[in-house]
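# Fold and geometry: a report
Chain by chain, the residues:
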Amino acid sequence: MTPARVVISGAGGCTPLGGSLVEVGAALRAGRLPFAPSRHWPEFAVAPVEPQGDLARAPSPDAALRLLGGWRHRHYCHRGAQLAVLAGLRAAWDAAPGSASGNEGRPADWTALLPEDTPLLLAAGPMLDVSGEPGLPPGDVNRLGALWLLRWLPNTATAALCRLLGLHGESLTVNAACASALHALGEGFRRIRRGEAVRVLVAAGDSRLSEAGLLGYARARTLSRRGPECGPRPFDLARDGFVAAEGGAAFVLESLEAATARGARIHAEILGFGATSDGGSLTAPDEEGRYAERAVRAALAEAVAAGMREGPHWVSAHGTGTGRNDAVEAALLERLFADMATPPAIMALKSRQGHASAAAGAVELLTLLAAWRAGVMPSIAGLERPCSARLAFVREETPFAGPLGLLENFGFGGQNAVLVVRLWT
Amino acid sequence: MTLSRDEALQRVIDCVAEIFERDAAELHARTRLMADLPCESIDLLEISIRLGVAFGISVDDEAAFLRSLRLLADEGAAALARAYPHLSEQRREELLCRREGDGLSPLTLGDLADYAVWASRG
């Protein structure tokens, strides 16, 4: 049996740059950067999603936000989980026949947007908002609700999204640190490719901007100290850490055959997926990037087998802005691509929207879709003295050289994931 | 100081209003928890624990939520009186007569207030 071709036929999100492809594209064109001082640790910059606090208090909510805001059990989802749910609703609506791109309008029935047996794969980060749960010991446990635990369980977002969209197929919660979202996308891709599903909803959401959430990174000394209004500087010699973000993004993956048959709007095609583990340090990447490279090669080999005959034209690097990650990743990219006649353009989207942890890969894919529609590759913000002279870092806005590229995410614990995509016009 | 029925009812209403995101003024003693509000099992758990804290009592869900009302009603008035000593005789009589109703639990916020007053006496 020939493997099925897999396309993205629905996309939605809630990111520091906006809540739709239209908004994110506009933010990219305007060069708007979302960095602001943390409310809890004002010496650090963060990239928040608006509105901060209760999402339901958005000044002009779209239909997805009204559904979430009107669901009184939403408080059982922590903020990262709510971002995943909101993104999932928007992606399902975007995939529906007749929906406008940009969250406008309102479905007649949310539970009829996707077939009820559609599997859901949801990439979730941990709940770290300890001070947001004041009843925890040694506090007064009488302040804890009966089901406070739900906020701390990783699968609550998954259960919530299944409920709101009326999904009754397989649902899984995925975590692979900062490579979680790409792993979820890769899993969804494989299921459709192998003919196990026609359609899969992949959602991701994470927020580490709470007092304790940010403290996790601050104590590990991975955060940039450039200034509370500044973004990180991926691949710059002066880089000093990443900037924490929050966000959600979700996609409806579908076989090309099914998407074409129903006349769906196609955003992109997924051509390959590779994933490996360093099996080394619990935090630092393998110094030679051996297993990250293996993941890139595996994803590219699968894409070539699926018919990719040129490129890649671009790479969306993990590019956190930390000393170690960017050194290892730059060396890896040099080994793989520097000697090509036309080396791929290297983007580092975290320079424009921060690091959304478990949701990073999905948020970055959404931004790429928006950039493709806007017609320009976003430059790496803050890049003044590149750490490599052999790589084609995007230094100023340039048109895409082509539609073929790869997304990389390399997580804490050495979990590596790479996705090869073809952006569609 | 003994807890008055009015005071107990107000506390029950405040607690239920918060859980269902309703205005407390919309709720009253005859509001039926399961029939008039979109009550799910998850909500009963929260109500139980909140009433426990609000009144400093240990809530017996079986009695407070009239869980076995149908079975007990079949057994008759004496069984009902043994299981729900917090309800007035008049209320128990009403429950006995109404058991063939719409199938939804007739439990009201007033019943919860009566339970709280009774349980607070120790």
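## Section: the overall build of chain B
From N to C terminus, chain B includes 8 helices and 0 strands. For chain B, the α and β elements follow one another from N to C terminus as α-α-α-α-α-α-α-α. Taken over the C-alpha atoms alone, chain B extends approximately 35 × 35 × 20 Å along its principal axes. Expressed as a percentage of the 122 residues in chain B, the buried residues total 29%.

## What to know about the overall build of chain A
Of the regular secondary structure elements, chain A holds 11 helices and 13 strands. Here chain A has a C-alpha radius of gyration of 20 Å; the compact-globule value for 425 residues is 22 Å, and the two agree. Over its C-alpha atoms, taken along the principal directions, chain A stretches across nearly 65 × 55 × 40 Å. Across the 425 residues that make up chain A, the buried fraction comes to 58%. Put simply, 79% of the contacts in chain A that link residues at least 6 apart link residues at least 24 apart.

## A closer look at the nonpolar core
Membership of the largest hydrophobic core comes to 140 residues, with the highest contact counts inside it found for A:V85, A:A92, A:L122, A:A203, A:A204, A:A362 and A:L419. Considering every element that reaches this core, the biggest residue donor is helix α3 (residues 79–95) of chain A, with 11 residues. Not counting chain neighbours up to four residues away, the residues in contact with A:A204 comprise A:A84, A:L122, A:A123, A:S180, A:A181, A:A184, A:G248, A:A249, A:A250, A:A358, A:A359 and A:A362. In terms of nonpolar packing, the next biggest core, distinct from the first, is built from 29 residues, B:L80, B:L107, B:A113 and B:A116 among them.

## Some details on the pairing of strand β1 (residues 6–14) of chain A
Residue and element names in this part refer to chain A. Most of β1 is tucked away: 9 of the 9 residues are buried. Bridge analysis of β1 against strand β7 (residues 244–255) gives 8 bridges, and the strand direction is antiparallel. In the strand pairing of β7, V7 is matched with E254. Sheet topology places β1 next to strand β8 (residues 268–277); 3 bridges connect them, and they run antiparallel. Within the sheet, the bridge partner assigned to V6 lies in β8 and is I270.

## Quick notes on the interface of chain A and chain B
With 6 residues of chain A at the contact, the number on the chain B side is 8 residues. Looking at the side of chain A that touches chain B residue by residue, the class counts come to 2 nonpolar, 3 polar and 1 charged.

## Some details on helix α5 (residues 180–193) of chain A
Spanning 14 residues, α5(A) covers 20 Å between terminal C-alpha atoms, matching the ideal 20 Å at 1.5 Å per step. Judged by how many residues are buried, α5(A) sits mostly within the fold: 13 of 14 residues are covered.

## Focus: the environment of A:R39
Turning to its location among the elements, A:R39 is positioned in the loop between β2 (36–37) and β3 (45–47). Once the C-alpha coordinates of A:R39 and A:T156 are considered, the two residues, 117 residues apart in sequence, prove to be 26 Å apart.

## Structural notes on the pairing of strand β12 (residues 404–411) of chain A
All names here are of chain A. β12 sits mainly inside the fold: 8 of its 8 residues count as buried. Burial along β12 is two-sided: L404, L406, E408 and F410 facing one way and G405, L407, N409 and G411 facing the other are all buried. The pairing of strand β9 (residues 314–316) with β12 spans 3 bridges and is parallel. Among the inter-strand pairings, V315 is bridged to a residue of β12, identified as L406. For β12 and strand β13 (residues 415–423), the ladder comprises 8 bridges, and the chain directions are antiparallel. Looking at β13, one finds that F410 is bridged to N416. The loop that links β12 with its antiparallel partner β13 comprises 3 residues; one of these, G413, has a positive phi angle of about 90°.

## Section: the environment of A:T2
Within the secondary structure layout, A:T2 lies in the segment before β1. Each C-alpha atom of the pair A:T2 and A:L21 lies 32 Å from the other, and the pair is 19 residues apart in sequence.

## Observations concerning the packing of helix α2 (residues 63–70) of chain A against α3(A)
Residues and elements named next belong to chain A. Where α2 contacts α3, the axes come no closer than 9 Å and their chain directions differ by 135°. It follows that α2 is oblique to α3 by the angle criterion. Remark: the crossing between α2 and α3 carries right-handed chirality. Taking contact as the criterion, the partners of A63, A64, L65, L67 and L68 in α2 are, on α3, Q82, V85, L86, L89, R90 and W93.

Rules of the game
- Residues numbered from 1 in each chain as written.
- Chains lettered and ligands numbered in written order.
- Predicted model: local features only at pLDDT ≥ 70, side-chain atom pairs only at ≥ 80, totals over all residues.
- Helix = DSSP H or I, 4+ residues; strand = E, 2+ residues; numbered from the N terminus.
- Buried ≥ 20, exposed ≤ 12 C-beta atoms within 10 Å, placed from the backbone.
- Rg over C-alpha atoms; globule rule 2.2 N^0.38 Å.
- Contact = placed C-beta atoms within 7 Å.
- Core = buried A, V, L, I, M, F, W, Y, C linked by C-beta atoms within 7 Å.
- Pairing = 2+ DSSP bridges.
- Nonpolar A, V, L, I, M, F, W, Y, C, P; charged D, E, K, R; others polar.
- Expected span 1.5 Å × (residues − 1).
- Axes fitted to C-alpha atoms, helices over the stretch in contact; angles between N-to-C directions.
- Parallel < 35°, antiparallel > 145°, perpendicular 65-115°, else oblique.
- Left-handed = near helix turned anticlockwise from the far one by under 90°.

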